[in-house]
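Below are the chains, spelled out letter by letter.
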Amino acid sequence: MSNPYQAPDPYGGYGPPQQPYGTPPPSPYQQPVPQPGYGYPQQQPYQPPQPYAPQPVAEPNSMATASLALGFIGIVICFYGAMLGPIGLGLGIAGLNRAQRTGVGRTPAIGGIALSTLAILIGIAGLVFYDTLTKSLP
């Protein structure tokens, strides 16, 4: 025993290694420091976060939204769909043209065109049904 102040090993030399006097014991939560060349990947140095730069907000495509709303209303109010449908169809085509320029609102424009076309067809079918119904009555 080289250190006279160190207590003898109660395990007979087979226990955990003894720390020299005055050094704190290692923390069980401390991760081993990776050494390059020993199978650990090289850790990248810390990069501070970049300053916040606000992203430009795209202008909403209101023509496409209006087309979608008019197409839906034209289907719900089926008799007047023949009047609201062409307005919604025109707004949908204009909204699709704007969406090609700006990249915003393509899906509502296509949905508005489809719903407005369907509203026109339902309105025409309603008019034909009304005409045949009135002609068959005495």
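Before reading further, recall that the structure is shown in the block above.
Attention in this report is confined to the structure presented alongside it. Note that this is a predicted model, so its numbers are computed, not measured.

1. Focus on helix α1 (residues 62-76)
Inference 1: The end-to-end C-alpha separation of α1 is 21 Å, in line with the 21 Å expected for 15 residues at 1.5 Å each.
Inference 2: Of all the residues in α1, the buried ones are Ala-64, Ser-67, Leu-70, Gly-71 and Gly-74. Buried residues in α1, looked at end-on, bunch into an arc of 125°, giving them a common side. Among the exposed residues of α1, those oriented more than 90 degrees off its buried face are Phe-72 and Val-76.
Inference 3: Summarising the contacts, the buried residues of α1 are in contact with α2 (81-102) and α3 (106-136).

2. Quick word on the side chain of Asn-61
Inference 1: Of note, Asn-61 is situated in the segment before α1.
Inference 2: On the basis of relative accessibility, which here comes to 4%, the residue Asn-61 falls in the buried class.
Inference 3: A polar side-chain atom of Asn-61 sits 2.9 Å from the main-chain carbonyl oxygen of Gly-95.
Inference 4: What Asn-61 contacts, discounting residues up to four positions off in sequence, is Gly-95, Arg-98, Ala-99, Val-104 and Gly-105.

3. A closer look at α2
Inference 1: Spanning 22 residues, α2 covers 30 Å between terminal C-alpha atoms, matching the ideal 32 Å at 1.5 Å per step.
Inference 2: Buried within α2 are the following residues: Gly-81, Gly-85, Gly-88, Gly-92, Gly-95 and Ala-99. The buried residues of α2 occupy one face: seen down the axis, they fall within an arc of 95°. α2 presents Met-83 and Arg-101 as exposed residues on the side facing more than 90 degrees away from its buried surface.
Inference 3: Looking at the buried positions of α2, the neighbouring elements they touch are α1 and α3.
Inference 4: Once α2 ends, the next one or two residues include Gly-103, with phi positive near 85°.

4. Observations concerning the packing of α1 against α3
Inference 1: Contact geometry of α1 with α3 gives a least axis separation of 7 Å together with a crossing angle of 25°. Viewed along their axes, α1 and α3 adopt a mutual orientation that is roughly parallel. The element α1 and its partner α3 pack so that their crossing is left-handed. Mapping the contact onto sequence places Ala-64, Ser-67, Leu-68, Gly-71, Phe-72, Gly-74 and Ile-75 in α1 and Pro-108, Ala-109, Gly-111, Gly-112, Ile-113, Leu-115, Ser-116, Leu-118, Ala-119 and Ile-122 in α3.
Inference 2: Across the contact of α1 with α3, the residue classes break down as 11 nonpolar, six polar and no charged.

5. Structural notes on the environment of Ser-62
Inference 1: Tracing the sequence through the fold places Ser-62 in helix α1.
Inference 2: On the accessibility criterion, Ser-62 (48% relative accessible area) is partly exposed.
Inference 3: Along the sequence, Ser-62 and Val-104 sit 42 residues apart, while their C-alpha atoms lie 10.0 Å from each other.

6. Here we look at the side chain of Ser-67
Inference 1: Note that Ser-67 resides in helix α1.
Inference 2: For Ser-67, a relative accessible area of 0% gives the class buried.
Inference 3: For Ser-67, the contacting residues outside a window of four places in its chain are Gly-88, Leu-91, Gly-92, Gly-112, Ile-113 and Ser-116.

7. Things to note about the pattern of salt bridges
Inference 1: In this structure the tally under the stated criterion is one salt bridge.
Inference 2: Residue Lys-135 pairs with Asp-131 through a salt bridge whose shortest N-O separation is 3.5 Å. One end of the pair is Lys-135 and the other is Asp-131, both in helix α3 and four residues apart, which spans about a single turn.
Inference 3: Overall, the relative accessible area of 64% leaves Lys-135 in the exposed class.
Inference 4: For Asp-131, a relative accessible area of 36% translates into the label partly exposed.

Conventions used here
Residues numbered from 1 in each chain as written. Predicted model: local features only at pLDDT ≥ 70, side-chain atom pairs only at ≥ 80, totals over all residues. Heavy atoms only, no water. Helix = DSSP H or I, 4+ residues; strand = E, 2+ residues; numbered from the N terminus. Expected span 1.5 Å × (residues − 1). Buried < 20%, exposed > 50% of the residue type's maximum accessible area, 1.4 Å probe, protein only. Arc of directions from axis to C-beta. Contact = heavy atoms within 4.5 Å. Polar contact = N/O pair within 3.5 Å; in protein donor to acceptor, adjacent residues only side chain to side chain. Axes fitted to C-alpha atoms, helices over the stretch in contact; angles between N-to-C directions. Parallel < 35°, antiparallel > 145°, perpendicular 65-115°, else oblique. Left-handed = near helix turned anticlockwise from the far one by under 90°. Nonpolar A, V, L, I, M, F, W, Y, C, P; charged D, E, K, R; others polar. Salt bridge = Lys/Arg side-chain N within 4 Å of Asp/Glu carboxyl O.

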